[in-house]
Amino acid sequence: MTPLPDHAATPQSTRDWLLSDAPTTRRQARLGALYQGWLVFRANHLAVVGLIILILLIGTAIFAPLLAPASPYAQNLAERLQPPSAAHWLGTDHLGRDILSRLIWGSRITLFIVGTVALISPLIGLIVGTLAGFAGGWVDQVLMRITDIFLAFPKLILALAFVAALGPSITNAVLALAITGWPPYARLARAETLTIRNADFIAAARMQGASPLRLLVLHIWPLCLSSLIVRVALDMAGIILSAAGLGFLGLGAQPPQPEWGAMISDGRTYILDFWWVAAMPGIAIFLVSLAFNFLGDGLRDVLDPKGGAE
Amino acid sequence: MSAPILEIRDLRVWFGNPPDRVDAVKGVDLTVARGESFGLVGESGSGKSTILRALAGLAPTWSGTITVDGETLRGTARSKAFHRKVQMVFQDPYASLHPRHTVDRVLAETLKLQGMDDVDRRIARLLDDVGLGQGFRFRYPHQLSGGQRQRVAVARALAGEPALLLLDEPTSALDVSVQAEILNLLADLRADRGLTYLMVSHDLAVIGHLCQRLAVMQGGLIVDRLDAAALRAGRADSAYTRHLIEASQSYVGSAG
Amino acid sequence: MSAPLLLVRDLRVAFPTRQGVFEAVRGVSFDLGRERLGVVGESGSGKSMTGRAILGLVRPPGRVTAQRMELDGQSILNLPERQMRAIRGRRISMVMQDPKFSLNPVMRVGDQIVEAYRQQTGAGRATARTRAMEMLEAVRIREPERVFGAYPHEVSGGMGQRIMIAMMLASGPEILIADEPTSALDVSVRTEVLRIMDDLVRDRGMGLIFISHDLNLVAQFCDRVLIMYAGRVVETLAARDLHAARHPYTQGLLNSLPRLDAPVERLAVLERRPEWKDGPLDPALVDASMIDAFPGGVR
């Protein structure tokens, strides 16, 4: 798209270009909207802290081989249960493995769990919820009753069932969490859809001959995404804790994988005299959960129509 | 004499089931000739907007006959041909545009759905026709004023080159000075393109300005029909109409 | 010559935004006697903000400043909240646009009036109830007993607004600020509601500030009119002289209205000129807002 002929003698600064109320190209409009959203996000300092922590988490996971001082599986029984020291910054566990290295490598597992559940659950919820809200009638009834059934499943019991059927592994743990986690998103998406579907802009699109599929995907989904994203971020903490709980029960990651929840479980017996074995992974989980909570709050400021761009 | 572009016979629109059933329109007959500007006046609850919505396929339960340019309408589904011929401009400029779509996206999608080609050029032309410059093309709705949004809504309605335009209180949510601009725009467009208007409003002065014939509605029924000249002269058959005329009197003479 | 009920000099309301400070009200001055003063403007003119500033309803980060803002000689500018609460409702009341939003939907109408009255005057429940019934009759509600026990969603818009008026006038304030009181009502109900408000205001010797975008309505029910544009008062005149308005904005507003009795081919479009917003104000058009020229109101 050719930009407008320049009307200003002085060149616009990039900031002004992004904040302009009259964008001249598709790119400018999109980037401008993103930048303004970023400014709102940045105003919330805790949210920025959360974002930094999460970036550090992702960085740690990506660069684990470079960052970890030792192999997470290398056992050294002579050095077992050493307190934090210069040689082992976070101490060693009951098999002499460096806890710091295990935490660093474990971040990959944490990210895998969190990422997978965060992608699967809301997606299922979005599809089910918007379909129910948009179609109405018996489709709505059936889908909502299915949602109710899944909502009634306790996560841990289902995970146990999966493990019993398929064997314990991280993948099965994630599957269990994703399958039981989608109903709240479905309810949220349905509520949003019920409000949106009576809006004039939907009626206008219908009058242009837009198919229901187009209305659903291109008009309704973008508006539901905001609240879903916020909800996901805020739920992340719970997902991490659930995964840790499964690991703790031995239903998720299997030894010797350095999954943080499993590490806490291992450190259970030594907690009184050798607190660091359980406390270090506990602190890691705490920090990441906190970061997601902060991030979710910040995202809500940006994406919530009440205070945002609307 | 060409056939009327819109014919409505014994239209009844209701919502809900007994005992909670609400009858919004209780038997309305209406004929609009091609190229005419017809107004529907009434207060809230009179059923005037409901008639438009039934036409557009937005009312779930109705009975009677509606014929648009020879095509009989049924239920809520509308054919592609109908969408080419009939378009609607909604009342609330803040609700009729998708908050996350730029003006360009709205018009491009509309043109695509209407099966138009040469999208870029048409978008530029539409923006010019409604008095918005090219500079507005990539704005989001929250970067537009109420009047500008309404212009975009008109541009969207015109994209498919319709013959009949349904106007649901297009200026009631706008400031007085902006209303004048939009009314002028609508008048110009009708003159240029030979459009037919079916316009709904609670404001008699607006209807009197833009419409040639009008019908007054109360409680789901048409209680009076008159033409603009009679309206201006205050010659109305029904007492209700005279009451409405009186309530819309101007207490101030022209200034300047 | 008596002192004005309300005296406002150089009122300013400012909000910080990402693009700098935005002034919604930029130096508004007027006196209010026992009269009906109309404040007319379009959206963004600052008229509603003026009303809210008087009542101390502008929350931070909004900032209200003025050279003087006095009620009966006593300054009410940026008073601490506790003192402002004694004034709000008791001495200055406000009726807003839509009774659907200003009445509590889960409380019976009568209870709301009683609660408001008791909070403002500290009266007992029996006294308050009697007073509430009196007020419902004063606003010409035919079956006050039935309405007393009704919920807001069970009454029509016009009746809801009359209930608001009853509630706001129960404690006998000196000034009533009405912010678009009839914009959400049907045309045929408007006149009646305004007439009721008008009679009450006159009977009690109150001052009325009538904020609206509707010039016609204001001309009908007010003695004087302030025309606001972009946060400033650009013209002041007696309501009956509106047709002789001299400021081009006022003239433009009047001329751009479609009229049944004066049909035109094209409506005159208001050409906004930048000097209306930023240029100097004509003292001949604006100074007349001071009570020296219009002691105690006109008519």
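Not measured: the values here are computed from a predicted model.

Enquirer: Break down a nonpolar patch on the surface for me, with residues and values.
Expert: All names here are of chain A. On the surface, Ile58, Ile62, Phe63, Leu66 and Leu67 cluster together into a nonpolar patch covering about 520 Å² of accessible area. Where the nonpolar patch is concerned, the elements lending two or more residues are helix 3 (45–62) and helix 4 (64–67). Relative to the helices and strands, leucine 66 is located in helix 4. The exposure class assigned to leucine 66 is exposed, which follows from its relative accessible area of 70%.

Enquirer: Any chance you could break down the sheet that holds strand 1 (residues 6–15) of chain B for me, citing the residues and the numbers?
Expert: All names here are of chain B. If you trace the four strands from one edge of the open sheet to the other, you get 2-1-4-5, paired in antiparallel fashion. What marks the edges here is a single partner per strand, and that holds for strand 2 (22–32) and strand 5 (71–72). Of the strand pairs in this sheet, strand 1 and strand 4 (residues 62–68) are connected by six bridges, and their pairing is antiparallel. In the sheet register, isoleucine 8 faces strand 4, and the bridge partner there is isoleucine 66. Relative to the sheet, helix 1 (residues 48–56) contacts strand 1, strand 2 and strand 4, its axis offset from that of strand 1 by approximately 105 degrees.

Enquirer: An account of the nonpolar core is requested, with residue identities and associated values reported.
Expert: The biggest cluster of nonpolar side chains holds 63 residues, and the ones touching the most others in it are Ile163, Leu176 and Ile227 of chain C. Here this core takes eight residues from helix 7 (residues 157–169) of chain C, the largest share from any one element. Of all hydrophobic cores here, the second largest spans 60 residues; its members include Ile196, Ala205, Val232 and Leu295 of chain A.

Enquirer: Report on the interface of chain A and chain B, specifying residues and quantitative values.
Expert: The parts lose accessible area when they come together, and the size of an interface is often stated as this lost area. Taken together, the contact between chain A and chain B spans 30 residues of the former and 35 residues of the latter. Counting the surface chain A buries against chain B, the share from its top three residues, Asp200, Met207 and Gln208 of chain A, is 28%. Between chain A and chain B we count three salt bridges in total. The residue arginine 26 of chain A makes a salt bridge to aspartate 104 of chain B at a minimum N-O spacing of 2.8 Å. Our enumeration of links across chain A and chain B arrives at eleven residue pairs in polar contact (both at pLDDT 80 or more). Mapped by element, the contributors of at least two residues to the side of chain A that touches chain B are helix 2 (26–43), helix 10 (200–207) and helix 11 (212–248) of chain A. Along the lines of polarity and charge, the residues of the side of chain A that touches chain B split into 16 nonpolar, seven polar and seven charged.

Enquirer: Can you break down helix 5 (residues 146–158) of chain B residue by residue, with the values?
Expert: Given a rise of 1.5 Å per residue, 13 residues ought to cover 18 Å, and the 19 Å separating the end C-alpha atoms of helix 5 of chain B matches this to within 8%. Of all 13 residues in helix 5 of chain B, twelve are buried; the element is thus mostly enclosed. Taken together, the buried positions of helix 5 of chain B are Gly146, Gly147, Arg149, Gln150, Arg151, Val152, Ala153, Val154, Ala155, Arg156, Ala157 and Leu158 of chain B. Buried positions along helix 5 of chain B lie against helix 10 of chain A together with strand 6 (86–89), helix 3 (103–113), helix 4 (119–129), strand 7 (164–168) and helix 6 (176–193) of chain B.

Enquirer: Describe unusual backbone geometry, listing the residues and the values that go with them.
Expert: Note that the residue after proline 255 of chain A, namely proline 256 of chain A, is joined by a cis bond; omega there is 5 degrees. Relative to the helices and strands, proline 256 of chain A resides in the loop between helix 11 and helix 12 (260–267). Positioned with a positive phi, glutamate 180 of chain C is a non-glycine residue whose angle comes to about 50 degrees.

Enquirer: Please provide a residue-by-residue account of the side chain of aspartate 98 of chain A, values included.
Expert: Residues and elements named next belong to chain A. Turning to its location among the elements, aspartate 98 is positioned in the loop between helix 4 and helix 5 (99–135). Here aspartate 98 sits buried without a salt bridge, and the closest side chain of opposite charge, arginine 102, lies 9.1 Å off (N-O distance). Within the local environment of aspartate 98, its side chain forms a polar contact with the side chain of histidine 88, the two groups lying 3.3 Å apart. Within polar-contact distance, the side chain of aspartate 98 engages the side chain of serine 101 at 2.7 Å.

Cut-offs and rules
Residues numbered from 1 in each chain as written. Chains lettered and ligands numbered in written order. Predicted model: local features only at pLDDT ≥ 70, side-chain atom pairs only at ≥ 80, totals over all residues. Heavy atoms only, no water. Patch = residues over 30% accessible without salt bridge, like charges linked within 9 Å, V, L, I, M, F, W, Y side chains within 5 Å. Areas by Shrake-Rupley, 256 points an atom, 1.4 Å probe, with all protein chains shown as cover. Salt bridge = Lys/Arg side-chain N within 4 Å of Asp/Glu carboxyl O. Helix = DSSP H or I, 4+ residues; strand = E, 2+ residues; numbered from the N terminus. Buried < 20%, exposed > 50% of the residue type's maximum accessible area, 1.4 Å probe, protein only. Pairing = 2+ DSSP bridges. Contact = heavy atoms within 4.5 Å. Axes fitted to C-alpha atoms, helices over the stretch in contact; angles between N-to-C directions. Core = buried A, V, L, I, M, F, W, Y, C linked by side-chain atoms within 4.5 Å. Buried area = accessible area lost by both parts, 1.4 Å probe. Polar contact = N/O pair within 3.5 Å; in protein donor to acceptor, adjacent residues only side chain to side chain. Nonpolar A, V, L, I, M, F, W, Y, C, P; charged D, E, K, R; others polar. Expected span 1.5 Å × (residues − 1). Lys, Arg positive; Asp, Glu negative; His and termini not counted.

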